[in-house]
Structure formats: C-alpha cells, structure tokens
Amino acid sequence: MGLSSCQHDHAWPGHEPRSQPDRGETSSCLRDGGTRSRNANGLILAIALLCFTALGAAAESFRIATFNTDLQRDGPGLLLRDILEANDTQIEASLEVIAATSPDILILQNFDFDLENRALAAFNAALGKIARPYPYLFARRPNTGLRTELDMDGNGRMAEPRDAQGYGRFSGQGGMAILSRHPIIKEDVQDYSTLLWRDLPSALLPQTKDGAPFPSAEAQNIQRLSTTAHWVVPFDVSGKERVHILTFHASPPVFDGPEDRNGKRNHDEIMFWLHFLDGHFGAVPTAKFVIAGGANNDPQGGEGLKPAINALLMDPRLQDTAPRSDGSMAASGDPYDTADWEDPDPGNLRVDYVLPSADWTVLDAGVYWPEGDAAGAAERASNHRLVWVDLAF
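Cut-off values and rules
Residues numbered from 1 in each chain as written. Predicted model: local features only at pLDDT ≥ 70, side-chain atom pairs only at ≥ 80, totals over all residues. Heavy atoms only, no water. 1 Å grid on protein atoms, 1.4 Å probe; cavity = no way out; pocket = protein on both sides within 12 Å on 5 of 7 lines; lining within 4 Å. Points joined across faces, edges and corners; volume = space filled by probe spheres on them. Helix = DSSP H or I, 4+ residues; strand = E, 2+ residues; numbered from the N terminus. Nonpolar A, V, L, I, M, F, W, Y, C, P; charged D, E, K, R; others polar. Pairing = 2+ DSSP bridges. Axes fitted to C-alpha atoms, helices over the stretch in contact; angles between N-to-C directions. Contact = heavy atoms within 4.5 Å. Salt bridge = Lys/Arg side-chain N within 4 Å of Asp/Glu carboxyl O. Expected span 1.5 Å × (residues − 1). Bend = angle between axes of the 7 residues up to and from the residue. Buried < 20%, exposed > 50% of the residue type's maximum accessible area, 1.4 Å probe, protein only. Parallel < 35°, antiparallel > 145°, perpendicular 65-115°, else oblique. Left-handed = near helix turned anticlockwise from the far one by under 90°.

A. Up close: the layout of surface pockets. Empty space within the largest pocket amounts to approximately 900 Å³. Lining the largest pocket we find 43 residues, and of these Tyr-167, Ser-251, Pro-252, Phe-255 and Asn-296 sit closest to its centre. Broken down by secondary-structure element, the contributors of at least two residues to the lining of the largest pocket are strand S1 (61-71) and helix H7 (261-277). The dominant element in the lining of the largest pocket, judged by the number of residues it contributes, is H7, at three residues. For the lining of the largest pocket, the per-class residue count stands at 13 nonpolar, 19 polar and 11 charged.

B. Structural detail: the sheet that holds strand S4 (residues 175-180). One open sheet holds the six strands; their spatial order is S3-S4-S2-S1-S11-S10, and the pairing between them is mixed. Edge positions in the sheet fall to strand S3 (136-138) and strand S10 (361-367), since each of these pairs with one other strand and no more. The sheet shows a mean angle of 15° between the axes of neighbouring strands, direction not considered. Relative to strand S11 (residues 387-392), S1 runs antiparallel, the two being bridged by six bridges. Bridge pairing in S11 places Arg-63 opposite Asp-390. Helix-sheet contacts for helix H4 (residues 89-101) involve S1 and strand S2 (105-111), and the interaxial angle to S1 is about 170°.

C. Local environment of the pattern of salt bridges. Applying the stated criterion across every chain yields a total of 15 salt bridges. Note that Asp-82 and Arg-73 form a salt bridge whose closest N and O atoms lie 2.7 Å from each other. If you follow the salt bridges from partner to partner, you end up with Arg-73, Arg-81, Asp-82 and Asp-88 in one network.

D. Spotlight on H7. Under the 1.5 Å per step criterion, the end-to-end length of H7 is 25 Å for 17 residues, consistent within 8% with the ideal 24 Å. For H7, the principal kink sits at Met-271 and spans about 25°. One or two positions beyond H7, positive phi appears at Gly-279, with a value near 95°.

E. Layout of the pairing of S10. For S10, a buried count of five out of seven residues is recorded, marking the element as mostly surrounded by other parts of the structure. One ladder, built from six bridges, connects S10 with S11; its direction is antiparallel. Across the sheet, Val-362 pairs through a bridge with Leu-391, a residue of S11.

F. Molecular detail of the packing of helix H3 (residues 78-85) against helix H5 (residues 118-127). Axis separation between H3 and H5 bottoms out at 9 Å; the angle between their running directions is 20°. One way to sum up the angle between H3 and H5 is to call them roughly parallel. In the packing of H3 onto H5, the handedness of the crossing is left-handed. Taken together, the residues of H5 that come into contact with H3 (itself represented by Leu-79, Leu-80, Ile-83 and Leu-84) are Arg-118, Ala-119, Ala-122 and Phe-123.

In structure tokens, the structure reads:
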C-alpha cells in the first residue's frame with residue numbers, strides 16, 4: 001500500500017467545518033451583533049434578518065455521520081461482555097466521540113452483530129450515561145463470518161475466516177449498525193447483501209493465470225458481492241419526506257495474491273451504488289438520499305483500484321463535500337484523511353465517506369479529528385475518524 005502524500009484538489013469551498021462540532025453552538029450572528037454599528041438602522045435590520053434566517057436553517061438541519069468503530073472482538077458475545085463491564089477504554093472513547101459529535105443518524109462499521117442486537121442496545125444504553133441515547137436502532141446479520149463449505153481464498157484449506165462470505169472468525173464479527181433519532185422504516189429496507197458478485201454488471205471477477213475462475217467456478221457460483229452488507233434504509237425525518245441512507249462497508253483491497261481478489265471485490269462493492277442509482281437493482285430513491293459508509297479506498301493514495309471510487313465521488317447525482325480536519329492536517333499534511341494507520345504503509349488515507357445527493361442543501365461537513373485535549377478519545381477509539389455532514393431541507 002502506498003502513502004497518501006497527495007494534496008487533494010477537490011475541497012468544497014466556503015464550508016470550513018468546526019474543529020470540534022458543537023450542536024449547541026450559539027449563532028455567530030448573535031455573538032458578533034454587539035460590535036455592529038448602531039448608526040445604520042437598515043444595517044441592523046439586515047443583520048437581524050440574517051441571524052433569524054441562520055437560526056431557522058439550523059433548526060431544520062440534521063447531521064449524518066459514519067464511524068468505523070473497530071468494536072469487533074475475537075469471539076461471539078465478547079463485545080457485549082466488554083460493554084457491560086464498563087471498563088474498556090476503547091468503548092469509552094467511542095462513546096465520547098459520539099457524544100461530542102451528536103449525529104442524528106449514525107452509521108457504525110466494525111461493530112459485532114448478535115441475533116438479538118444485545119451489544120448494540122447495551123452500547124446505546126452506555127451512551128445514555130453521558131449523552132442522549134438513540135430511540136431507534138437497526139442491524140441485520142452481515143456477510144462477515146458467514147460460513148461456506150468451500151475454499152474461498154484459494155489457499156487449499158476450508159473453514160478459515162477468509163472462507164466465509166466476508167472475512168470473519170464468527171458469524172457477525174465486524175458487522176454494521178445504525179443509531180438514529182428519527183424513525184427507521186424497517187419494513188421498507190432494501191437489503192442487497194445476498195446479491196452474488198457474478199450478477200453485478202461488468203463484474204471484475206478474479207481469474208487464475210490461465211484465465212480460469214479464481215479460486216474455482218464453484219466458489220464464484222456462491223460468492224456474494226458484499227463483504228459486510230449493502231443496505232438502503234429509509235427514515236422518517238421530522239414528518240418530512242423520506243430520507244434514504246445507502247450504506248455499506250467494503251473489503252480492504254489487500255490481503256490477497258496476484259489475482260487481486262480483494263482489490264477487485266472492493267472496486268465492485270463501490271460500483272454497486274452507481275449501478276443501483278442507474279436502476280439495475282430495485283427501486284431507486286426519488287427524493288433525497290445519502291451514501292454513507294466505509295469504502296476502504298482513497299481516491300488517490302494507497303492500494304486499491306481507483307476508477308470506482310473516483311467515479312462515485314464525481315457522479316453528478318452526488319456531492320463530495322470533501323470534509324477535512326485540523327488533526328489530519330497536523331498528522332500528514334493532508335486535511336482530508338479519515339484513517340490514521342501506520343507509516344509509511346498504508347499511511348493516513350481517506351476511506352470513509354458521507355456523500356449527499358445533489359438536491360441537498362449542505363450546511364457543513366467535517367472529520368472529527370481534533371487536536372489538543374480532545375484528541376485522546378478519537379485516537380483511543382479507532383484508527384478511523386468519525387465523518388459527519390450537516391444537511392437542511
């Protein structure tokens with residue numbers, strides 16, 4: 001993997017995010033109003049109108065975030081145990097990050113799934129001790145750890161973590177979950193996690209040197225596209241029109257061989273959303289939507305095939321707000337990174353995304369990567385940083 005030393009040139013101008021997002025921050029108009037000249041009544045009136053406009057927009061805004069928590073454990077039930085014991089520094093740090101950013105809809109990756117969502121409920125209850133808990137929770141069984149009876153990685157052995165539909169030591173390891181302050185319309189969720197890789201248009205299926213299916217035709221006949229999941233989840237946001245979150249967590253494009261199985265799978269997991277928006281799979285949202293999740297691919301740096309992630313970021317149906325942080329700038333000189341990995345390989349990269357559809361009004365965006373005293377929680381929680389975008393109708 002390569003070091004992400006590039007300087008991205010697609011910053012979203014005019015929307016510098018807060019270094020530490022504060023949902024209760026006083027309007028800058030109100031803070032600065034006392035310094036305005038009192039000699040021009042028209043100017044005062046104009047400023048007042050701007051202030052009330054800004055406050056009205058804030059009242060209509062809501063925050064969507066994605067956070068790779070890395071809250072996966074080596075066996076089933078261990079995450080629930082660690083949450084209930086209430087002395088795990090990583091869990092405490094993750095809760096602090098969520099409390100500091102206070103998303104209205106939060107997508108979690110690398111969070112162990114259990115059938116009754118006990119770990120997710122316990123995590124939400126623990127959050128309630130330091131911040132407002134979420135009234136609506138959602139998770140489904142992911143492909144991670146879902147056992148097959150075949151050699152799926154071509155090493156000649158079976159029943160290993162890489163022989164599952166998605167890498168995992170047990171079914172549900174490193175799954176996905178959603179915490180929301182708005183009702184989740186569960187009966188209308190579209191779950192594409194069972195879609196076979198071969199059924200994606202123009203799928204980049206891996207091959208051997210001789211052009212045969214890798215690792216075998218039998219394996220490709222059952223191989224699902226999603227490493228973790230692909231969900232389209234509708235929300236009822238304050239009684240307004242439905243908002244759809246399109247979420248996923250793609251395979252890291254590494255840990256394979258010359259056939260580039262994981263690299264090609266990562267590419268196609270990202271490409272799925274473009275095919276979905278083109279109408280190839282099910283109903284496409286007719287109103288506002290957001291793609292949010294872990295692509296595990298930087299548009300310029302590191303390993304991975306770049307055409308899919310760049311096509312997604314440049315698609316005219318989406319907005320790349322290019323969220324940034326002071327912490328990333330201080331760490332690598334690149335303000336757009338979202339993950340802090342070992343140098344030089346893989347180095348810091350941008351791999352986590354929140355991409356609103358083009359019809360949204362975007363108020364602000366950022367990566368929670370603070371400096372100073374607040375940096376500790378973000379560093380202890382995960383190698384990934386929470387990415388957020390504030391939207392308004």
